[in-house]
Amino acid sequence: MTESRENRGRETTSGDREIIVGWRQRIGNLTHLYKYKDISGTGRRHLSEMFQDRALYFPTYADLNDPFDSNFTLHFDATDEEKRAHWDEVLPTDHPDRSSEIARRLALSNDKAEMERRQLETRAMLSKYGVCCLTEKPDNILMWSYYAGGHAGVCLRFRTVDLFHSYGKAPGVLVPVEYAKSYPRLGFFEPGIARIFSASVGTKSSAWEHEAEWRIVRPDMRGSLPCDPFALDGVVLGCNISKKDEVFVRNLAASASVPVVRAPKRAHDYGIDVAWPP
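This is a predicted model, so every value here is computed, not measured.

The rules we used
- Residues numbered from 1 in each chain as written.
- Predicted model: local features only at pLDDT ≥ 70, side-chain atom pairs only at ≥ 80, totals over all residues.
- Heavy atoms only, no water.
- Helix = DSSP H or I, 4+ residues; strand = E, 2+ residues; numbered from the N terminus.
- Buried < 20%, exposed > 50% of the residue type's maximum accessible area, 1.4 Å probe, protein only.
- Contact = heavy atoms within 4.5 Å.
- Axes fitted to C-alpha atoms, helices over the stretch in contact; angles between N-to-C directions.
- Parallel < 35°, antiparallel > 145°, perpendicular 65-115°, else oblique.
- Left-handed = near helix turned anticlockwise from the far one by under 90°.
- Nonpolar A, V, L, I, M, F, W, Y, C, P; charged D, E, K, R; others polar.
- pLDDT = per-residue confidence, 0-100.
- Salt bridge = Lys/Arg side-chain N within 4 Å of Asp/Glu carboxyl O.
- Polar contact = N/O pair within 3.5 Å; in protein donor to acceptor, adjacent residues only side chain to side chain.
- Phe/Tyr/Trp six-rings, centres within 6.5 Å; stacked < 30°, edge-to-face > 60°.

In terms of regular secondary structure, the protein is built from ten helices and 13 strands. Over its C-alpha atoms, taken along the principal directions, the protein stretches across nearly 70 × 35 × 35 Å. Counting all 278 residues of the protein, 49% fall into the buried class. Taking as baseline every contact in the protein between residues at least 6 positions apart, the subset at least 24 positions apart corresponds to 81%.

So, about the environment of Phe-248. Within the secondary structure, Phe-248 sits in helix α10 (residues 243-255). Judged by its relative accessible area of 18%, Phe-248 is buried. Taking the C-alpha atoms as reference points, Phe-248 and Ile-39, separated by 209 residues in sequence, lie 9.9 Å from one another. Setting aside residues up to four positions removed in sequence, Phe-248 forms contacts with Arg-44, Leu-47 and Ser-48.

With their axes 9 Å apart at the nearest point, helix α3 (residues 42-52) and α10 run at an angle of 20 degrees to one another. Accordingly, the angle class assigned to the pair α3 and α10 is roughly parallel. The handedness of the crossing between α3 and α10 comes out as right-handed. Contacts from Arg-44, Leu-47, Ser-48, Phe-51 and Gln-52 in α3 reach Asp-245, Phe-248, Val-249, Leu-252 and Ala-253 in α10. Each residue belonging to the contact of α3 with α10 can be placed in one class, and the counts come to six nonpolar, two polar and two charged.

Those residues of α3 lying buried are Gly-43, His-46, Leu-47, Ser-48, Glu-49, Met-50 and Phe-51. Tucked into the core, α3 has its buried residues touching β1 (32-37), β2 (55-58), β5 (154-159), β11 (223-226), β12 (232-237) and α10. Note on α3: the residue one or two positions beyond its end, Arg-54, has a positive phi of about 50 degrees.

Moving on, we get to the confidence of the model for the protein. Mean pLDDT over the protein: 84, with 91% of residues reaching 70 or higher. Low pLDDT, under 50, characterises residues 1-11; the predicted model gives this stretch 40 contacts beyond four residues in sequence or across chains.

As a further point, take unusual backbone geometry. Negative phi characterises most residues that are not glycine, and trans characterises most peptide bonds. With a phi angle near 70 degrees, His-151 is a residue other than glycine that sits in the positive phi range. Among the structural elements, His-151 can be located in the loop between α7 (141-147) and β5. Positive phi values are uncommon outside glycine, yet Ala-212 reaches one of about 45 degrees. Within the secondary structure, Ala-212 sits in the loop between β9 (203-205) and β10 (213-218). Its relative accessible area of 15% is what places Ala-212 among the buried residues.

Before going further, it helps to examine the pattern of salt bridges. Counted under the stated rule, the structure contains 18 salt bridges. The partner of Arg-159 in a salt bridge is Asp-233, and the shortest N-O contact between them spans 3.6 Å. With a gap of 74 residues between them, Arg-159 in strand β5 and Asp-233 in strand β12 connect regions that are remote in the sequence. When the shortest N-O distance is used, the salt bridge between Glu-213 and Arg-215 registers 2.6 Å. Counted as one network, the salt bridges with shared partners bring together Asp-69, Lys-204, Glu-211, Glu-213 and Arg-215.

To continue, consider the environment of Gly-187. Structurally, Gly-187 can be placed in strand β8 (residues 185-187). When residues no more than four places from it in sequence are discounted, the contact partners of Gly-187 are Leu-74, His-75, Arg-195 and Ile-196.

This part is about the side chain of Glu-211. Along the chain, the position of Glu-211 falls in the loop between β9 and β10. Here the side chain of Glu-211 touches Tyr-147 through a polar contact of 2.8 Å, side chain to side chain. Aside from chain neighbours lying at most four places away, what touches Glu-211 is Thr-135, Glu-136, Met-143, Tyr-146, Tyr-147, Tyr-179 and Lys-204.

Applying the stated criterion to the full structure yields seven aromatic pairs. Consider the rings of Tyr-36 and Trp-144, whose centres lie 5.3 Å apart with planes at 80 degrees: the pair is edge-to-face. Here the residue Tyr-36 occupies a position in strand β1, and Trp-144 occupies one in helix α7, the gap between them amounting to 108 residues. A single burial state applies to Tyr-36 and to Trp-144, both of which are buried. Relative to Phe-189, the ring of Trp-87 has its centre 6.0 Å away and its plane inclined at 80 degrees; by these criteria the two rings are edge-to-face. You can see Trp-87 sitting in helix α4 (residues 80-90) and its partner Phe-189 sitting in the loop between β8 and α9 (194-201), a full 102 residues away along the chain. Phe-189 shares its class with Trp-87; the two are buried.

This is the structure:
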């Protein structure tokens, strides 16, 4: 898990296949995903890039606002036979002395200090992954408050299928976030990669469950990454957006022929309404 070779070497298990089928079914049922944007400061530049360069910004996990994000417990419980099978699976077949190397790694697998080092390596690796966070909900007033500048920003609408094609179809590129009360417990020597990958990069505290979050995860890239030019197909204006910012957003949207709607407050209850033209 700490090395790309090890991840590539893991076989896809029946459990992995169930997870992947579940992801694809959920993706197939989602026509759109949304991203809230504060358009002050650097957010204004990122929004311009989205329209002008057709790019989404991918911070690293270390940059996210939740210090508990991507936390997990990595354990190394396994029999010697399971450990040997793991190293036999991930070690290159052209290694000059596979038997000796497998024996060496098997010995290290029982070394507590070595396993603690691997756990630190794994956490350090994940902290550098690029991640773009989206949601199923364009009308959540909490997310408007803390991700869109107190309702003074915008919420961008993306076609899910175009995002899926933009950043690759491999499992783990677009993953739904799962919510739990405790960190996921992952086994270093467990077969299969989908569950381990999704649990480590796609699990958050149940306190965030209202966000209905999806993530595009890129282990190899971060910063502004291009996407399908037709992925962005709508903009929602926050109910507190200034006249100046509204003009700025509408001009950007017009340059890309992207429709713009408002998110007005409801008259008699706590909420906003987002209605798209037919």
